[in-house]
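Spelled out from the first residue to the last, the chains are:
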Amino acid sequence: MEKQNLYIFNFSVFLLKTVIIVAVAGFSFSFAFEKSIIFNSQISGASKVNRILTKTIVDEVPIFGSSRADGSYVPSIIFEKKSHNYGISGGQANIWLFFLEQELKKEKNTPILINFDLGGFNYSDGDIGNYIPNWNDTKDILVEDGEFYFNVPFIKYFGKYESYFKLFINEKFNLTKITDNGGSFEKNKLTKYNFDKLVEKRKNTVSSFTKNNRLLSKFNQLINTTNRTIILVVSPYHSSYFNKFKNINEVDNYLSNLSKKNNIKVIDLRNFIKNDSLFLNTSHLNYDGAVKFSQKLKEELKASKIEL
């Protein structure tokens, strides 16, 4: 009986040691992967989320928004001071409001630039992988519930390792993108035939401006509790985008009323780009379009005498 108890005891000790070793190895691997791959890619959404949460760069001008921010604003062209593009592909107002809230917690006085999508105030998270490394700080703002294991080292990135690694490689070698202080710009251009197909599809697509009350209230709360200048910019759309836009007048009225606030500046360049070859699709620019738009935006900011 004593030998059996000793055997059970030794097995329990072995099992405990194994669990500890696996846990330490998993934690170590996760930490190394985050530091070397996820957070070492400035275009990774996860890196942008981590940056806004953990870093305060007092002279940095942040740029917030969706993929239209990510692929349209070239920071090194627009701003003479430090700037970073925090645009999150697939993210809508719930995401850029999170970034704005974190930014306003910092002791800074630089202006804040937000790309304003004409679709208005909607919920959309984008890739859930953007938030896993900082899950406890982001889960409450998301539509998606996530998984129970998102706090478990190593396991939490199951199914996401490849996407993180692809972003890292693409940035380091610029295979299809050009990167600039967080911004990621598409080098490739569509043929006229393929772009014309997108235009025809867009002409038959109904679009509208929507205002989710909860998100709108959050925005009003944030802008009313700061003296920092907030610049809302409408970046260019292809003309076909407006073919079946139901309530464009509501967008115009909203932006007009917003611009009356002392710390809000609205710059509307929705119709600035006319050349089809500068678009990636009917609502996004390619790199050449982003350069032209960024140069124009810089001129507009100087003309507005906004202190950068």
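Residues numbered from 1 in each chain as written. Predicted model: local features only at pLDDT ≥ 70, side-chain atom pairs only at ≥ 80, totals over all residues. Heavy atoms only, no water.

S.K.: Would you take a moment to explain the side chain of R270 for this structure?
M.R.: Considering the arrangement of structural elements, one finds R270 in the loop between β9 (264-268) and β10 (279-281). Assessed through its relative accessible area of 8%, R270 is described here as buried. Polar side-chain contacts of R270 include one of 2.5 Å to the side chain of D268. (Helix = DSSP H or I, 4+ residues; strand = E, 2+ residues; numbered from the N terminus. Buried < 20%, exposed > 50% of the residue type's maximum accessible area, 1.4 Å probe, protein only. Polar contact = N/O pair within 3.5 Å; in protein donor to acceptor, adjacent residues only side chain to side chain.)

S.K.: Would you explain the pattern of salt bridges in this entry?
M.R.: A side chain with one charge can pair with a side chain of the opposite charge if their charged atoms come near. Summed over all chains, the structure comprises 16 salt bridges. Salt-bridge contacts for K48 lead to D70; the nearest nitrogen and oxygen are separated by 2.9 Å. Taken together, the residues K48 in helix α2 (residues 45-54) and D70 in helix α3 (residues 67-70) connect sequence positions 22 residues apart. D70 carries the same exposure label as K48, and that label is buried. Between D127 and K160 there is a salt bridge; the shortest N-O distance is 2.8 Å. Here the residue D127 occupies a position in the loop between β4 (120-121) and α6 (135-138), and K160 occupies one in the loop between α6 and α7 (161-173), the gap between them amounting to 33 residues. A relative accessible area of 33% means that D127 is categorised as partly exposed. Among the charged side chains, a salt-bridge network with shared partners connects E103, K108 and R228. (Salt bridge = Lys/Arg side-chain N within 4 Å of Asp/Glu carboxyl O.)

S.K.: In this structure, what is going on with the pairing of strand β8 (residues 230-234)? I would like to understand it.
M.R.: Remark: a regular strand shows side chains that alternate across the two faces of the sheet. For β8, a buried count of five out of five residues is recorded, marking the element as mostly surrounded by other parts of the structure. Across the two faces of β8 the burial is the same, with I230, L232 and V234 and I231 and V233 all buried. One ladder, built from four bridges, connects strand β3 (residues 112-115) with β8; its direction is parallel. When the bridges of β8 are listed, I114 appears paired with L232. With helix α10 (residues 248-258) bridging β8 and the parallel β9, this β-α-β connection has right-handed handedness. (Pairing = 2+ DSSP bridges. Right-handed = clockwise from strand over helix to strand, strands pointing away.)

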